[in-house]
Amino acid sequence: MNKIIGFIGAGNMGEAMIKKLLESDDFNKQSIIVTAKTVETRKRIENTYNVTVLEDIKEIAKNADYLVLAVKPHQYEGILNQIRNELKENIIIISIAAGISSKFMRENLNNKTKFVNIMPNTPVMVGEGMIALYPNDSLTEEDISNLLSIFSIFGKVEVVDETLMDAVTAASGSSPAFVYMMIEAMADAAVLLGMKRDKAYTFAAQAVLGAAKMVLETKEHPAVLKDKVCSPGGTTIEGVKELENKNFRSAVINASIAVANKSKSMNK
Ligand SMILES: NC(=O)c1ccc[n+]([C@@H]2O[C@H](COP(=O)([O-])OP(=O)(O)OC[C@H]3O[C@@H](n4cnc5c(N)ncnc54)[C@H](OP(=O)(O)O)[C@@H]3O)[C@@H](O)[C@H]2O)c1
């Protein structure tokens, strides 16, 4: 793809995306331009990825065809104020921030500027991200199709209605943190049972990866897949009983609702 993709911000999410883009066939170091707030981050990104790193965010805005705003939600307004009148013609501004709505983007950009709201998660770094894309009427069918093909570099992309933004934040934006907690706990148990720690992480993480693939590829209901692991009077059902005793599913549902509520309270 003969397009320049710019990043304002190169923290957890910005850097994860830069890394993955560079591994793809469609982008290379000449097609990525980046800025960050501190000289430390700018130097680190330049040294690690050999991409063009600029100090002035306006220079990024003037040169990018796609511009990812990889800064915290509360910084959006200030950044958009600085770049609103400096944008390359036909640029598409990409919001990846939790709680930033298309209404907010429209209000903070000039009338004709194209933009899109996207909700990624950190597994974009390994090409297994789950990305929700909320299009709006600033975009043509071709723009949407180009965005889908760019974001499919990072994993699965689904076009969803903006009303589902908080649900997406819970289901895929924040949920990797819950899964990491589960993997850590599974590994701790394996260590307690005598397994070496590095092996314990491999066993736990591969079990989670395999289970996730089973859900996606067999399309069977998760409860059916669970039932297939639980033989009558066997080992697994003992563990399932413990999780039910501790309200495991209810805890996960409540954690997800808490994420969605927080996201809703932050919505702009
Ligand atoms: N982390 C996730 O799992 C996740 C998931 C979905 C969506 N998101 C969204 O992704 C966005 C970024 O999150 P993050 O976790 O990557 O945050 P982060 O690690 O704190 O990174 C923020 C980046 O923004 C840069 N920055 C701050 N102010 C700036 C300015 N005035 N000009 C240029 N760069 C500036 C920072 O520069 P320095 O490094 O120099 O300080 C840093 O590189 C957020 O809006 C978040 O909602 C994150």
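Remember, predicted model here, so these are calculated numbers, not experimental data.

1. Focus: the sheet that holds strand 3 (residues 52–53)
Strand order in this open sheet of eight strands is 3-2-1-4-5-6-7-8, and the pairing throughout is mixed. The sheet is open, and its two borders are formed by strand 3 and strand 8 (155–159), each paired with just one other strand. By the bridge criterion, three bridges tie strand 6 (residues 114–119) to strand 7 (residues 129–134) in an arrangement that is antiparallel. Bridging from a neighbouring strand, Met119 pairs with Ala132 of strand 7. Contacting strand 1 (5–8), strand 4 (66–69) and strand 5 (92–95), helix 4 (residues 76–83) runs over the sheet at an angle of about 150° to strand 4. Across the sheet, helix 7 (residues 165–192) touches strand 6 and strand 7, and the angle it forms with strand 7 is around 175°.

2. Brief notes about the site of the ligand
Surrounding the ligand, one finds 23 residues, the nearest of these being Asn12, Met13, Thr38, Thr41 and Val71. Contact distances for the ligand include 3.3 Å between an oxygen atom and a side-chain N or O atom of Lys72. Measuring from a nitrogen atom of the ligand, one finds a side-chain N or O atom of Gln75 at 3.1 Å. In isolation the ligand offers 910 Å² of accessible surface; the protein chains occlude 80% of this area. Among the cavities detected, the one that contains the ligand is the second largest pocket. By residue class, the composition of the shell around the ligand is 14 nonpolar, seven polar and two charged.

3. Concerning the layout of surface pockets
Counted as a void, the second largest pocket has a volume near 840 Å³. What lines the second largest pocket is a set of 33 residues, among which Asn12, Met13, Ala70, Val71 and Lys72 lie closest to the centre. Of the residues forming the lining of the second largest pocket, the biggest block, six residues, is contributed by helix 7. Of the residues in the lining of the second largest pocket, the class split is 18 nonpolar, 13 polar and two charged.

4. As for the nonpolar core
Most often, soluble globular proteins have nonpolar side chains that are buried together. Membership of the largest hydrophobic core comes to 55 residues, with the highest contact counts inside it found for Leu67, Leu69, Ile83, Ile93, Ile94 and Met105. With five residues, helix 1 (residues 12–23) is the largest single contributor of residues to this core. If we skip the residues at most four places from it in the chain, Met105 touches Leu69, Tyr76, Leu80, Ile93, Ser95, Ile100, Phe115 and Asn117. By size, the runner-up hydrophobic cluster in this structure holds six residues, among which are Met119, Ala132, Tyr134 and Val160.

Rules behind the numbers
Residues numbered from 1 in each chain as written. Predicted model: local features only at pLDDT ≥ 70, side-chain atom pairs only at ≥ 80, totals over all residues. Heavy atoms only, no water. Pairing = 2+ DSSP bridges. Helix = DSSP H or I, 4+ residues; strand = E, 2+ residues; numbered from the N terminus. Contact = heavy atoms within 4.5 Å. Axes fitted to C-alpha atoms, helices over the stretch in contact; angles between N-to-C directions. Near = heavy atom within 4 Å. Polar contact = N/O pair within 3.5 Å; in protein donor to acceptor, adjacent residues only side chain to side chain. Areas by Shrake-Rupley, 256 points an atom, 1.4 Å probe, with all protein chains shown as cover. 1 Å grid on protein atoms, 1.4 Å probe; cavity = no way out; pocket = protein on both sides within 12 Å on 5 of 7 lines; lining within 4 Å. Sits in = over half its atoms within 2 Å of the grid points. Nonpolar A, V, L, I, M, F, W, Y, C, P; charged D, E, K, R; others polar. Points joined across faces, edges and corners; volume = space filled by probe spheres on them. Core = buried A, V, L, I, M, F, W, Y, C linked by side-chain atoms within 4.5 Å. Buried < 20%, exposed > 50% of the residue type's maximum accessible area, 1.4 Å probe, protein only.

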